[in-house]
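# Overview (structure and organization)
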Amino acid sequence: MDAYDLITRNASEVVTEDEVRALADDPEGKRAYVGYEPSGVLHIGHMLTANKLIDLQAAGFEVVVLLADVHAYLNGKGTFEEIRQTAERMKEQFIAYGLDESQTEFVLGSEYQLDESYVLDLHALELETTLSRAERAMAEIKSGEGVTVAQAVYPIMQALDIVYLDVDLAIGGMEQRKVHMLARDMLPSIGEESPTCMHTPLIADLGTGIGKMSSSAGVTISMEDTTEDIEDKVNGAFCPPTADPDPTDEGEERENPVLQIFEYHVFPRFERVVVERPEQYGGNLDYDDYESLAADLESGELHPADAKGALADYLDELIEPGRAKIAE
Ligand code: IYR
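Residues numbered from 1 in each chain as written. Predicted model: local features only at pLDDT ≥ 70, side-chain atom pairs only at ≥ 80, totals over all residues. Heavy atoms only, no water.

The criterion, for reference: UniProt positions are given in the numbering used here, feature names are shortened, and annotations may be inferred rather than shown by experiment.
The name an unreviewed UniProt entry assigns to the protein is Tyrosine--tRNA ligase, from the organism Haloferax massiliensis. What UniProt states about the protein under its Sequence similarities (unreviewed entry) heading is, verbatim, "Belongs to the class-I aminoacyl-tRNA synthetase family. TyrS type 3 subfamily."

### Digging into the domain arrangement of the protein
Counted only if it meets this: For each domain, the first and last residues come from an automatic or database assignment. Only heavy atoms enter the contact rule, under which two residues are in contact if any of them lie within 4.5 Å. For any pair of parts, buried area is found by adding up, for both, the accessible area (1.4 Å probe) each one loses once the two are put together. Any Lys or Arg side-chain nitrogen found within 4 Å of a carboxyl oxygen on Asp or Glu counts as a salt bridge. Polar contacts here mean pairs of N or O atoms no more than 3.5 Å apart (in protein, one a potential hydrogen donor and the other a potential acceptor; neighbouring residues in sequence count only if both atoms are side-chain atoms). Think of it this way: any DSSP run of H or I at least four residues long counts as a helix, any run of E at least two long counts as a strand, and we number them from the N terminus. For this classification, the nonpolar set comprises Ala, Val, Leu, Ile, Met, Phe, Trp, Tyr, Cys and Pro, the charged set comprises Asp, Glu, Lys and Arg, and every other residue, Gly included, is treated as polar.
Domain assignment breaks the protein into domain 1 (3–200) and domain 2 (227–327). Relative to domain 2, the C-alpha centre of domain 1 lies at a distance of 30 Å. With 13 residues of domain 1 at the interface, the matching set in domain 2 holds 13 residues. Taking both sides of the interface into account, the surface hidden between domain 1 and domain 2 amounts to around 1200 Å²; carbon and sulfur atoms contribute 62%. In this assembly, domain 1 and domain 2 are joined by zero salt bridges. Joining domain 1 to domain 2, the criterion identifies six residue pairs in polar contact (both at pLDDT 80 or more). Elements with a minimum of two residues in the side of domain 1 that touches domain 2: α3 (44–58) and α5 (80–97). Among the residues forming the side of domain 1 that touches domain 2, the class breakdown is seven nonpolar, four polar and two charged.

### Observations regarding the site of the ligand
Spelled out, the test is: Here, proximity means that at least one heavy atom of the residue falls within 4 Å of the molecule or strand. Each accessible area is a Shrake-Rupley estimate made with a 1.4 Å probe; only the visible protein chains count as cover when residues are assessed. Buried and open spaces are told apart on a 1 Å grid over the protein atoms alone, a cavity being a set of points where a 1.4 Å probe fits but cannot get out and a pocket being an open set with protein on both sides within 12 Å along at least five of seven lines. Residues with an atom within 4 Å of a point are the lining residues. For a molecule to be placed in a cavity or pocket, more than half of its atoms must lie within 2 Å of the grid points of that cavity or pocket.
Inspection of the region around the ligand gives Tyr33, Gly35, Glu37, Leu66, Ala68, His71, Ile141, Tyr154, Gln158, Asp161 and Gln176 as its neighbouring residues. The contact in question runs from an oxygen atom of the ligand to an N or O atom on the backbone of Glu37, over 3.4 Å. Out of a free accessible area of 390 Å², the ligand has 91% covered by protein chains. Judged by the fraction of its atoms near the pocket grid, the ligand is located in the largest pocket. Broken down by element, the residue count for the shell around the ligand peaks at three residues, all from helix α8 (residues 149–164).

### Details of the nonpolar core
Applied cut-off: Take the buried Ala, Val, Leu, Ile, Met, Phe, Trp, Tyr and Cys residues and link them wherever side-chain atoms come within 4.5 Å; each set so joined is a nonpolar core. For every residue, the accessible area (1.4 Å probe, protein chains only) is compared with the maximum for its type, and the residue is labelled buried under 20%, exposed over 50%, or partly exposed between those bounds.
With 66 residues, the main nonpolar core has Leu56, Phe94, Leu169 and Phe262 as its most contacted residues. Ranked by the residues each element gives to this core, the list is headed by helix α13 (residues 304–327), at eight residues. If we ignore the near neighbours within four places in the chain, the residues touching Phe94 are Tyr36, Leu42, His46, Ala50, Val65, Leu99 and Phe106.

### Some remarks on the packing of aromatic side chains
What counts here: Aromatic rings from Phe, Tyr and Trp, with only the six-membered ring used for Trp, were paired whenever their centres fell within 6.5 Å, and each pair was classed as stacked if the ring planes differed by under 30 degrees, edge-to-face if by over 60, and tilted otherwise.
Summed over all chains, the structure comprises eight aromatic pairs. Note on Tyr36 and Phe94: the rings are 4.7 Å apart at their centroids and 40 degrees apart in plane angle, and the pair reads as tilted. Taken together, the residues Tyr36 in strand β2 (residues 31–36) and Phe94 in helix α5 connect sequence positions 58 residues apart. Since its relative accessible area comes to 0%, Phe94 is described here as buried. Ring centres 5.5 Å apart and planes at 75 degrees place the aromatic pair Tyr112 and Tyr118 in the edge-to-face group. Judged by relative accessible area, Tyr112 falls into the buried class, the value being 9%.

### Structural notes on the layout of surface pockets
What counts is decided by this rule: Grid points are joined across faces, edges and corners, and a volume is the space filled by probe spheres set on the points.
Its boundaries defined by the atoms lining it, the largest pocket holds a volume of some 1100 Å³. Around the largest pocket sit 46 residues that line it, and His43, His46, Glu175, Gln176 and Lys212 are the ones nearest its centre. Looking at the lining of the largest pocket, the element that brings in the most residues is α3, giving five residues. In terms of residue class, the lining of the largest pocket is built from 17 nonpolar, 21 polar and eight charged. Of the voids in this model, the second largest pocket is the one considered here, and its volume is about 290 Å³. Counting residues per element, the ones that place at least two in the lining of the second largest pocket are α2 (17–25) and α8.

### Description of the pattern of salt bridges
What the rule picks out here adds up to 18 salt bridges. A salt bridge links Asp55 to Arg9, with the nearest nitrogen and oxygen atoms 2.7 Å apart. Here Asp55, found in helix α3, pairs with Arg9, found in the loop between α1 (3–8) and β1 (13–15); they are 46 residues apart in sequence, far enough to count as distant. Across the pair Arg323 and Glu320 runs a salt bridge, and its minimum N-O distance is 2.6 Å. Placement of both Arg323 and Glu320 in helix α13 is noted, with a separation of three residues, approximately one turn of the helix. Several salt bridges share partner residues, and in doing so they unite Arg9, Lys52 and Asp55 into one network.

See the structure below:
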């Protein structure tokens, strides 16, 4: 796989392709980052962007993980003290998950976001950005009802982070795209460059395949789950024996979250996937890419129950080091 393909594999959106190609051509010394509001425990959503950081490290990028404590505070996630304690735990879990500590720079937002120059640049950007633009950027991020001034400041700070962390590439899930578009449009107004961005897909709700999996609603998978929890959750997942499920009666689109987790979590981290089956049901199946597994599920060669059994085993292996860290 060439550097561009590795950097962009499994991305939903690359802004822009030409800009990322230029980075891929000369990755030496290039920096990429993801920011996370510290939250109790690492879950499958964090793990998806972390997979992308692991790809970027493999391609030669320097990787920055922003533990966005001030952002979490502005989004009503607790006191500074609570949030910072959570950030420390989260950092350990990221390392346990597979981010190479020697190649990853972990930064707490408050280390630089309270500096005078940052605050003055923030105010300059506030002058240029309309309230409605900031509010729109937050549609998929804000927690709770209503919009506070804090939530309007949030995306402007996120834009400024790209400048202050001196990164060449900003990564986030698709829910971050409007913040990144704001950054692309508005940073030039304070004399900074438009940043290059890349967005990872959102995984559908495990139980229904509708909407996106989230830690606040529905079923998610996290590093706190036991092996049995994972088996139960995966067994209960929506997984029709076709790669292109029909919409619901209400016309809502349904994804197959079991296939999505194979595609975005399992195949990027394992060279091959073995689905164990008793001889009487045809024996083991062995896959070295996602497409052949998806094709077998669609054709009926691979039964959803067998796919789920394998998925639970591989997920458990990915989660085990982080789970051990939590138990310490
Ligand atoms: N908005 C993110 C957290 C975040 C991301 C970046 I990239 C920042 O520079 C700052 C905060 C979230 O929703 O978790």
